[in-house]
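Structure at a glance
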Amino acid sequence: MARSRLRRVGAASVTAVLLAAGPATMAAAAPGDGIGDPYFPTYGNTGYDIEHYDLRLNYQPDTDRLSGTATLVTEATEDLDKFSLDFLLDVRSIRVNGKKSTFESDGDHKVIVTPKAPVDAGDQMTVVVKYADVPSSVKWSKGEVTGWHRSDGGAIALGEPEVAWWWFPSNDHPLDKATFDVRVSVPEDYKAVSNGVLTGQFTRAGRTVYLWRQDQPAATYLATLAVGKYEVNTGTTASGLPVYNAYDPGLDSLMGAAKASIERSEEILEFQEQDFGPYPFNALGGIVAGPDSGLGFALETQTRPVYSHAFFARGSNPYVVAHELAHQWWGNHVSVARWQDIWLNEGFASYAEWMLSEHEGEGTVQEIADYVYDSNPEDDPFWQVKPGDPGADNVFHSAVYDRGALAVHALRMEVGEAAFADILTTWQQEHANGNATVEEFIELAEKVSGQDLTELFDTWLYTEGRPAEPPAPQATTRTL
Ligand code: ARG
Ligand code: ZN
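As the structure is a computational prediction, the values presented were derived from the model and not from experiment.

**Notes on the sheet that holds strand 9 (residues 154-157)**
Read from one edge to the other, the open sheet built from 4 strands follows the order 8-9-14-11, with strand pairing classed as antiparallel. The open sheet has two free edges, formed respectively by strand 8 (148-151) and strand 11 (191-193), since each of these has just one partner strand. Strand-to-strand twist across the sheet, computed as the mean angle between neighbouring axes with direction ignored, equals 15°. Pairing of strand 11 with strand 14 (residues 226-228), which is carried by 3 bridges, proceeds in the antiparallel orientation. Bridging from a neighbouring strand, Ala192 pairs with Val227 of strand 14.

**Let's talk about the coordination of the zinc ion (ligand 2)**
The coordination sphere of the zinc ion (ligand 2), as far as protein atoms go, consists of His323 (NE2), His327 (NE2) and Glu346 (OE), spread over 1.9 to 2.1 Å. Sequence spacing among the residues donating to the zinc ion (ligand 2) works out to H-x3-H-x18-E. Here Glu346 lies in helix 7 (residues 343-360) and His327 lies in helix 6 (residues 318-329), a separation of 19 residues in the sequence.

**Looking at the site of ligand 1**
Inspection of the region around ligand 1 gives Glu160, Phe297, Ala298, Glu300, His323, Glu324, His327, Glu346, Phe396 and Tyr401 as its neighbouring residues. Contact distances for ligand 1 include 3.2 Å between an oxygen atom and a side-chain N or O atom of His323. Between ligand 1 and Tyr401, the relevant distance is 2.8 Å, taken from an oxygen atom to a side-chain nitrogen or oxygen of the residue. Protein contacts shield 80% of the accessible area of ligand 1, which totals 350 Å² for the unbound molecule.

**Digging into the confidence of the model for the protein**
A residue-level look at the protein finds 93% of positions with pLDDT of 70 or above and a mean pLDDT of 93. Least confident of the elements in the protein is helix 1 (residues 2-9), whose mean pLDDT is 39; most confident is helix 6, at 99. Counted against residues more than four places away or in other chains, residues 3-27, with its pLDDT under 50, gives 37 contacts. The complex prediction reports pTM at 0.94, with the ipTM value standing at 0.96.

**Structural notes on the packing of aromatic side chains**
Evaluated as defined, the whole model comprises 30 aromatic pairs. For the ring pair Trp167 and Phe168, a centre distance of 4.7 Å and an interplane angle of 80° mean the geometry is edge-to-face. Assessed through its relative accessible area of 0%, Trp167 is described here as buried. We classify Phe168 as buried; its relative accessible area is 0%. Ring geometry for Phe441 and Phe457: centres 6.5 Å apart, planes at 90°, overall edge-to-face. Pair noted here: Phe441 is in helix 11 (residues 438-449) and Phe457 is in helix 12 (residues 454-461), with a separation of 16 residues, a long-range link. This pair shows no difference in class: Phe441 is buried, exactly as Phe457 is. Cation over ring: Lys259 sits above Tyr247, and NZ or CZ is 5.8 Å from the ring centre.

**Remarks on the pattern of salt bridges**
Pairs can form between side chains of opposite charge once their charged atoms are near each other. Here the structure, examined in full by the defined rule, presents 12 salt bridges. Linking Arg213 and Asp181 is a salt bridge whose minimum nitrogen-to-oxygen distance equals 2.8 Å. Of the two residues, Arg213 sits in strand 13 (residues 207-218) while Asp181 sits in strand 10 (residues 178-187), which places them 32 residues apart along the sequence. Arg213 sits in the partly exposed class, given a relative accessible area of 38%. Taking the shortest distance from any N to any O, the salt bridge between Glu231 and Lys259 comes out at 2.5 Å. Here Lys259 lies in helix 4 (residues 255-262) and Glu231 lies in strand 15 (residues 231-236), a separation of 28 residues in the sequence. In this structure, a network of salt bridges that share partners links the residues Arg264, Glu267 and Glu360.

**Topic: the pairing of strand 9**
Neither face of strand 9 is exposed, since Gly154 and Ile156 on one face and Ala155 and Ala157 on the opposite face are all buried. Between strand 8 and strand 9, which pair antiparallel in sequence order, lie 2 residues. Bridge count between strand 9 and strand 14: 2 bridges; the pairing is antiparallel. When the bridges of strand 14 are listed, Ile156 appears paired with Ala226.

**With respect to the nonpolar core**
Among the nonpolar cores identified, the biggest contains 73 residues, and Leu66, Phe83, Tyr131, Trp148, Trp167, Phe168 and Leu225 are the most heavily contacted of them. The greatest single-element share of this core, amounting to 6 residues, is contributed by strand 1 (residues 48-60). Counting residues in hydrophobic clusters, the runner-up holds 70 residues, among them Val320, Ala352, Leu356 and Phe382.

**A closer look at unusual backbone geometry**
Residue Pro161 follows Glu160 across a cis peptide bond; omega there is 0°. The residue Pro161 is located in the loop between strand 9 and strand 10 in this model. Of note, the phi angle at Asp64 is positive, near 60°, even though the residue is not glycine. Given a relative accessible area of 0%, Asp64 falls into the buried group. Unusually for a residue other than glycine, Asn97 sits at a positive phi of about 50°. Mapping Asn97 onto the fold places it in the loop between strand 4 (91-96) and strand 5 (99-105).

What counts, and at which threshold
- Residues numbered from 1 in each chain as written.
- Chains lettered and ligands numbered in written order.
- Predicted model: local features only at pLDDT ≥ 70, side-chain atom pairs only at ≥ 80, totals over all residues.
- Heavy atoms only, no water.
- Pairing = 2+ DSSP bridges.
- Helix = DSSP H or I, 4+ residues; strand = E, 2+ residues; numbered from the N terminus.
- Axes fitted to C-alpha atoms, helices over the stretch in contact; angles between N-to-C directions.
- Donors = N, O, S within 2.8 Å, 3.2 Å for Na, K, Ca; no water.
- Near = heavy atom within 4 Å.
- Polar contact = N/O pair within 3.5 Å; in protein donor to acceptor, adjacent residues only side chain to side chain.
- Areas by Shrake-Rupley, 256 points an atom, 1.4 Å probe, with all protein chains shown as cover.
- pLDDT = per-residue confidence, 0-100.
- Contact = heavy atoms within 4.5 Å.
- Phe/Tyr/Trp six-rings, centres within 6.5 Å; stacked < 30°, edge-to-face > 60°.
- Buried < 20%, exposed > 50% of the residue type's maximum accessible area, 1.4 Å probe, protein only.
- Lys NZ or Arg CZ within 6 Å of the ring centre and 35° of its normal.
- Salt bridge = Lys/Arg side-chain N within 4 Å of Asp/Glu carboxyl O.
- Core = buried A, V, L, I, M, F, W, Y, C linked by side-chain atoms within 4.5 Å.

What follows is the structure in structure tokens.
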């Protein structure tokens, strides 16, 4: 979907940013080069835009065998005699516009495809990839990092920034958002959960087929597949969204706390809509993994985040739900243009936790801001990571989250309540279903507030070391 999105957000800004990226994009891009992300230069591909992924998959939990057909509906953006896909699994065949094509692996996460006939820029290009492999067995250059998490009861595809290439061939960068249909066949005692709306489900010959549709654009890392013997709870929100929550039975004594958290999704969403604007998607839910998956994090997969059991070890946790649901706006509806823009995701999702705390009467935003500032001593390495440019190894450093949320609070204190509210909702409208950079956010904040915010953002996002003071109410905003 990159084309229409780029038109909407202004092709110049995003493309200019990527072209400044580095060696990979200095010369004409070659297949396998990557889309030009400064932090992850080999991720994603050039030469085409994916509009839609159609995945027809079979999964065998006992052997971890995943097989199927991925059909990528794309448009060539250059004349192509070769192009690349991001994928780690063993490919059986690839057809481009109906014709069998040759392909080879680059030895890591790329498959280089040579269509039988070159494809002209502007033409539709349909790529059909047949594959079968055992995702837990594949190796790649980042060693132990995997997006495929097995458990006794199944498997979950989950990771950031890398996950898609363990389960479907893709243009694996947030810049190329697309819609998804995911059809999964599993043994009938299992459930297969993905994103968006469950449009159908049927059982025959001992297998159940699940049909999931995500019909608003999603970044590739926001697509998930979770197979397990889940306990499922479905419903409809007051505003008519279908709800589908899945709980791993291995949660055992944590089941109550997990449900007491995830079943509050609708309520938390309603609270967040007051600050972020209307919920951008048409389905809602959560998937809670069991302890045997070894999953130690949560991730905001579109419409249906996945949560580690660990978040519920000490009782209910509405904050992790607030965090992952806030990402539906901050990261999913408006996605990073480059991975270095990660503050736009984690800073705001973390701030959403603080907002919920104040709403719940469990500590005000200001109290939490003061606590975060004070509890990280001046000489702590925490202050050496710049949330606005943390470096590829630190995109999920706690500074991106906590100092990132302090930056949001600093902005709010500087511009006041009305301008802050306006910035948040205008951002969502201006970049709806698109991508954006931190620089674009700063530009908008300055435009809406009419203030020069250079120093504020330099201090909180781009300078190593602890700022002199925590963010605090300004004399002018205190009277509001
Ligand atoms: N976006 C996720 C969150 O909400 C981050 C997950 C990163 N962890 C990982 N192992 N990839 O915090
Ligand atoms: Zn997050």
